[in-house]
Structures are given as structure tokens and as C-alpha cells.
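Descriptive structure summary
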Amino acid sequence: MFMLFRKSLIFLKKYGIQKFFFKVLKKLNSFNFSKKKLSYNDLRKFGNEFASNEETLIIYIEFPYEDLLPNAKVLPHLPHKCDEYFNLLKDIPSESYSRVVATGLLEHLSDPEKLLSESYRILKKGGKVFISASSVFPVHRGPDDYFHVTQFGMKELVKKQPWVSHQIKGSCGPFKTIAILLERILLQTETVFFIRPFVALLSKIIHFLDIFVLKQYADRSFKEEKLIDTMMPSNIQLIAKK
């Protein structure tokens, strides 16, 4: 059997087929079935909350926004040089915008609190900042992936500035998060090709189990004071008013 396998490899190599075979195999082992990420609808839903004709500064955004923010200034897209945004922000005058938007950025900054402080400075009185950041989510856009946050972690960051009010919530339920994680496995790993359709199918159906979740808690005590909007969100969303 070993000799037959060895002869087969020699034959493939001799006729230049071996390289082609491994190239095809690599494509199969990393094939992705999804055309649109599962998290897209959650982001668009959050986007509906900051839709406005007011002057808006978009620091970083992960989805089409033109229909939501027609009067927006957008900073350059720097997905792998996120700390460069601090240099761009310091040149923006204080109290110059009614809204500031940053989705998918906070976790990629070496100093996430500075994003909040700069947003506070830039906002006019009564203005709002809208931030979405990774919580239960894979390492991505590495190596600049530093701080995935929880509801409690975001609450601590907000304490550093005197916001008039703030709202913090998770983007989705636990089974939707599992679906997103399964999708990211296909997006960020090479696997034996024949398991990929099953993982893709599971990612498409498992999030429906969220309809059966009755209550969620911040720990295992099941106490009413530990109730939480979602115990395993993919993203944490913040809306804070100056």
C-alpha cells in the first residue's frame, strides 16, 4: 500500500499534477459557503439606531452606511494600523460633530479608553457616540486585536468621562454567537474539506435556538439581580450622550 502511494506521488510529480492537486485540495479545505456574514444584520440593526442627517464623524465602520448617514465625514480606512486613528482624531476640533460612529475598532486599539475620551471631546453638547466592539468573537485582524469587552468592561470605560447617559447592550443571543463562531471557523481555518458543509449548515440553523432561551444571567446563581440582556454576545454596543 505504501509503495502504491509513493508511486502515485512520483507519477503526479512527474507530470506536474501534484502541485495542481494540492492547490485544489487547499481551496477545498478553505472553501467558504457564506456570501454574507451572519453578523451583518446585527450591525445594520445597530446602524438604524444612529441613522441621521446630522453632521457625523465616522471613525471606522464595517458595513454600507450611505443610506443611514448621508451627511458624514469618513476617516481613512486603516484596518491594520488602527492606532493611527489617534493621530487623525487629535486634529479634529473639539465640539465639532453631533455624532461619532466607530464599529469594529475599539478592540483593535492599544488604548481603547482614548477612543471614548476623544469622542467625548469631539462631540457637541447633546451629541452621541455609537460604538460596537467584539465580545465573544475570534481573534481577527491580528496581531492588532487587543481588548474584547463585556457589558461590564464597557461600563468601566464609560465611567472615565462625564456622559449624561449611556446604553450598553449585547448584539445577539448566545446561539447566534455560536453560529457566528462556527462561520468564523470556516473563514479563518483550513479543515478537512468534507466537514465544511456540515459546519456551514449548523451555522445557518443553530441560531434559531435563541427563541427557546427564557432568561440569561451574568453568573451561575440564577438570581434575579444577575439578569443580563445576553450572557454571550458576539458584540457589545454602546450609545452614550454628552
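Scroll up to find the structure.
Within every chain, residues take consecutive numbers counted from 1 along the sequence as written. The predicted nature of this model means local features are confined to residues of pLDDT at least 70 and side-chain atom pairs, given and counted, to a pLDDT of 80 or more, with totals for whole chains, interfaces and linings taken over all residues. Side-chain numbers come from the whole structure's heavy atoms, not from hydrogens or water.

1. A short note on the overall build of the protein chain
- Put simply, DSSP marks the helices as runs of H or I at least four residues long and the strands as runs of E at least two long, and each gets a number from the N terminus on. Looking only at helices and strands, the protein chain has eight helices and six strands in total.
- The secondary structure elements of the protein chain, listed N-terminal to C-terminal, are α-α-α-β-β-α-β-α-β-α-β-α-α-β.
- Looking at the protein chain as a whole, 42% of its 242 residues are labelled buried.
- Note on contacts: a residue pair is in contact if any heavy atoms of the two residues lie within 4.5 Å. Once local pairs closer than 6 in sequence are excluded, the contacts in the protein chain between residues at least 24 apart make up 72%.
- Accessible area for the protein chain stands at about 14,200 Å²; split by element, carbon and sulfur atoms hold 62% of it. To sort residues, take the accessible area from a 1.4 Å probe on protein chains only and compare it with the maximum for the residue type: under 20% means buried, over 50% means exposed, and anything in between is partly exposed. Where accessible areas are quoted, they stem from the Shrake-Rupley method and a 1.4 Å probe; at the residue level, only the protein chains shown are allowed to cover.

2. Concerning the pattern of salt bridges
- Between Lys or Arg on one side and Asp or Glu on the other, a salt bridge is scored when a side-chain nitrogen of the former is within 4 Å of a carboxyl oxygen of the latter. Enumeration over the complete set of coordinates arrives at 10 salt bridges.
- Lys-226 is paired through a salt bridge with Asp-219; the nearest N and O atoms lie 3.7 Å apart.
- With a relative accessible area of 34%, Lys-226 lands in the partly exposed category.
- The class for Asp-219 is partly exposed, based on a relative accessible area of 34%.

3. Side note on the nonpolar core
- Among the nonpolar cores identified, the biggest contains 31 residues, and Leu-57, Ile-59, Leu-105, Leu-106, Ile-131 and Met-154 are the most heavily contacted of them.
- For this core, the secondary-structure elements that each account for two or more residues are strand S1 (56–60), helix H4 (84–89), strand S3 (97–103), helix H5 (112–122), strand S4 (123–134), helix H6 (151–158) and strand S6 (235–241).
- The nonpolar core is taken to be a set of buried Ala, Val, Leu, Ile, Met, Phe, Trp, Tyr and Cys residues, with the residues joined through side-chain atoms within 4.5 Å. Formed by 12 residues, the second largest nonpolar core is a distinct cluster that contains Ile-58, Ile-61, Phe-63 and Val-101.

4. Observations regarding the packing of helix H7 (residues 174–188) against helix H8 (residues 196–205)
- Think of each axis as a best-fit line through the C-alpha atoms, taken over the contacting stretch in the case of a helix, with angles from 0 to 180 degrees between the N-to-C directions. Close contact between H7 and H8 brings their axes to 8 Å; oriented N to C, the two are set at 155°. Compared by their axis directions, H7 and H8 come out roughly antiparallel. For the crossing formed where H7 meets H8, the hand is left-handed. Where H7 abuts H8, its residues Ala-179, Leu-182, Glu-183 and Leu-186 lie against Arg-196, Val-199, Ala-200, Leu-202 and Ser-203. Small angles under 35 degrees read as roughly parallel and large ones over 145 as roughly antiparallel, with 65 to 115 read as roughly perpendicular and the rest as oblique. Crossing handedness is read from the near helix: turned anticlockwise from the far helix by less than a right angle, it gives a left-handed crossing, and turned clockwise, a right-handed one.

5. Let's talk about H7
- Given a helix with a known number of residues, its expected span is that number minus one, times 1.5 Å. With 15 residues, H7 should cover 21 Å at 1.5 Å per step; its first-to-last C-alpha distance of 21 Å lies within 8% of that length.
- The complete set of buried residues in H7 reads Pro-174, Lys-176, Thr-177, Ala-179, Ile-180, Leu-182, Glu-183, Arg-184 and Leu-186.
- At its buried positions, H7 is contacted by helix H3 (40–50) and H8.

6. Topic: the layout of surface pockets
- In this structure, the largest pocket spans a volume of roughly 250 Å³.
- Any residue with an atom within 4 Å of a point lines the site, the site being either a cavity, points on a 1 Å grid over the protein atoms alone where a 1.4 Å probe fits but cannot get out, or a pocket, an open set with protein on both sides within 12 Å along at least 5 of 7 lines. If you trace the largest pocket, you find 14 residues lining it, with Lys-37, Glu-62, His-140, Arg-141 and Arg-184 closest to the centre.
- Here the lining of the largest pocket is built from residues that sort into three nonpolar, six polar and five charged. Grid points are joined across faces, edges and corners, and a volume is the space filled by probe spheres set on the points. Just so you know the grouping, Ala, Val, Leu, Ile, Met, Phe, Trp, Tyr, Cys and Pro go in nonpolar, Asp, Glu, Lys and Arg go in charged, and all remaining residues, Gly too, go in polar.

7. As for empty space enclosed by the protein
- Within this structure, the stated rule accounts for one cavity of 30 Å³ or more.
- The volume enclosed by the largest cavity comes to roughly 40 Å³.
- Every residue lining the largest cavity is listed: Ser-39, Asp-42, Leu-43, Ser-132, Ser-171, Ile-180, Ser-234, Asn-235 and Gln-237.
- Where the lining of the largest cavity is concerned, the elements lending two or more residues are H3 and S6.
- When the residues that make up the lining of the largest cavity are grouped by side-chain class, the tally is two nonpolar, six polar and one charged.

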